[in-house]
Every structure is written in C-alpha cells, then in structure tokens.
Amino acid sequence: MPQINVSVPEGLKDWIEHQIGGGRYSSASDYIRELLRNDERRAQRLATLQAAIDEGRASGPAREYKQVFDDLRRKRSEAA
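Residues numbered from 1 in each chain as written. Predicted model: local features only at pLDDT ≥ 70, side-chain atom pairs only at ≥ 80, totals over all residues. Heavy atoms only, no water.

Undergrad: For this particular structure, what's the right way to read the overall build of the chain?
TA: Counting secondary structure elements, the chain contains 3 helices and 0 strands. Order of helices (α) and strands (β) in the chain, N terminus to C terminus: α-α-α. The C-alpha radius of gyration of the chain comes to 24 Å, more than 25% above the 12 Å expected for a compact globule of 80 residues. Overall, the C-alpha framework of the chain stretches about 60 × 30 × 25 Å when taken along its three principal axes. Going through the 80 residues of the chain one by one, you find that 8% of them count as buried. (Helix = DSSP H or I, 4+ residues; strand = E, 2+ residues; numbered from the N terminus. Rg over C-alpha atoms; globule rule 2.2 N^0.38 Å. Buried < 20%, exposed > 50% of the residue type's maximum accessible area, 1.4 Å probe, protein only.)

Structure below.
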C-alpha cells in the first residue's frame, strides 16, 4: 500500500492517540483511513444533493403549494 506522511500539531497527535486508546482503532493509519472514507462519502452525498438541486432549478418555476397539496389529496382519494 502506498504511504503518505502527514505532519500534525501536538494537539491533533494527542487526539489521534486518544481515539486509538479508546479501542475503536488499532493505529493512527486506521483512524486516518476512516476519516478519509467518511469524507469521501460526505463528498459523494453532497455531489448527489447538488445534482438534485441543479435538476430542480433547471425544471422551471415551482408550483404553488396549494396546487401540490390539492393534487396529492386528489390522487389519494382516487386511490381509495
């Protein structure tokens, strides 16, 4: 596995050691890998959210709330 060396301030080093001492991580590498995986998932969720926002904005003006709820009520009563 390729390696990257990272320098951190003393406070962050203490925090990493505290996380390892808690027993959830076996090494600083395990902890850093978990942080990176979480950041990658967060970035993917953000990209998905931004794509949905962009799609919504491109779809044109929103309908009035009353019209939306009236349509939902009509569909519910038709399904019953």
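Undergrad: Explain the layout of surface pockets to me, please; I cannot follow it from the model alone.
TA: One water molecule sets the probe size; rolling that probe over the atoms shows where empty space is left. Computed from the structure, the largest pocket encloses a volume of approximately 610 Å³. If you go around the largest pocket, you meet 19 residues; those closest to its centre are Ile 4, Val 6, Ala 28, Ser 29 and Ile 32. Tallied by class, residues from the lining of the largest pocket come to 13 nonpolar, 3 polar and 3 charged. (1 Å grid on protein atoms, 1.4 Å probe; cavity = no way out; pocket = protein on both sides within 12 Å on 5 of 7 lines; lining within 4 Å. Points joined across faces, edges and corners; volume = space filled by probe spheres on them. Nonpolar A, V, L, I, M, F, W, Y, C, P; charged D, E, K, R; others polar.)

Undergrad: Would you take a moment to explain the packing of helix α1 (residues 10–21) against helix α2 (residues 28–58) for this structure?
TA: Angle between the axes and distance between the axes are the two parameters that describe a pair of packed helices. Direction vectors running N to C along α1 and α2 enclose 100 degrees, while the axes themselves pass 9 Å from each other. The angle between α1 and α2 falls in the class roughly perpendicular. Taking contact as the criterion, the partners of Trp 15, Ile 16, Gln 19 and Ile 20 in α1 are, on α2, Ala 28, Tyr 31 and Ile 32. For the contact of α1 with α2, the class distribution of residues is 6 nonpolar, 1 polar and no charged. (Axes fitted to C-alpha atoms, helices over the stretch in contact; angles between N-to-C directions. Parallel < 35°, antiparallel > 145°, perpendicular 65-115°, else oblique. Contact = heavy atoms within 4.5 Å.)

Undergrad: Looking at this structure, I do not really get the pattern of salt bridges. What am I missing?
TA: Note that side chains of opposite charge can pair when their charged atoms are close. One pass over the full model with this rule turns up 9 salt bridges. As a salt-bridge pair, Arg 42 and Asp 39 come within 2.8 Å of each other at their nearest N and O atoms. Residue Arg 42 and its partner Asp 39 are both found in helix α2; the two are separated by 3 residues, about one turn of the helix. Under the relative-accessibility criterion, Asp 39 is labelled partly exposed at 38%. A salt bridge links Lys 66 to Asp 70; the nearest nitrogen and oxygen atoms lie 2.8 Å apart. Linking Lys 66 with Asp 70, this pair stays in helix α3 (residues 65–79), spanning 4 residues, or about one helical turn. Take Lys 66: its relative accessible area is 60%, and that puts it in the exposed class. For Asp 70, a relative accessible area of 32% corresponds to the partly exposed category. The structure contains a network of salt bridges with shared partners spanning Glu 34, Arg 37 and Arg 41. (Salt bridge = Lys/Arg side-chain N within 4 Å of Asp/Glu carboxyl O.)

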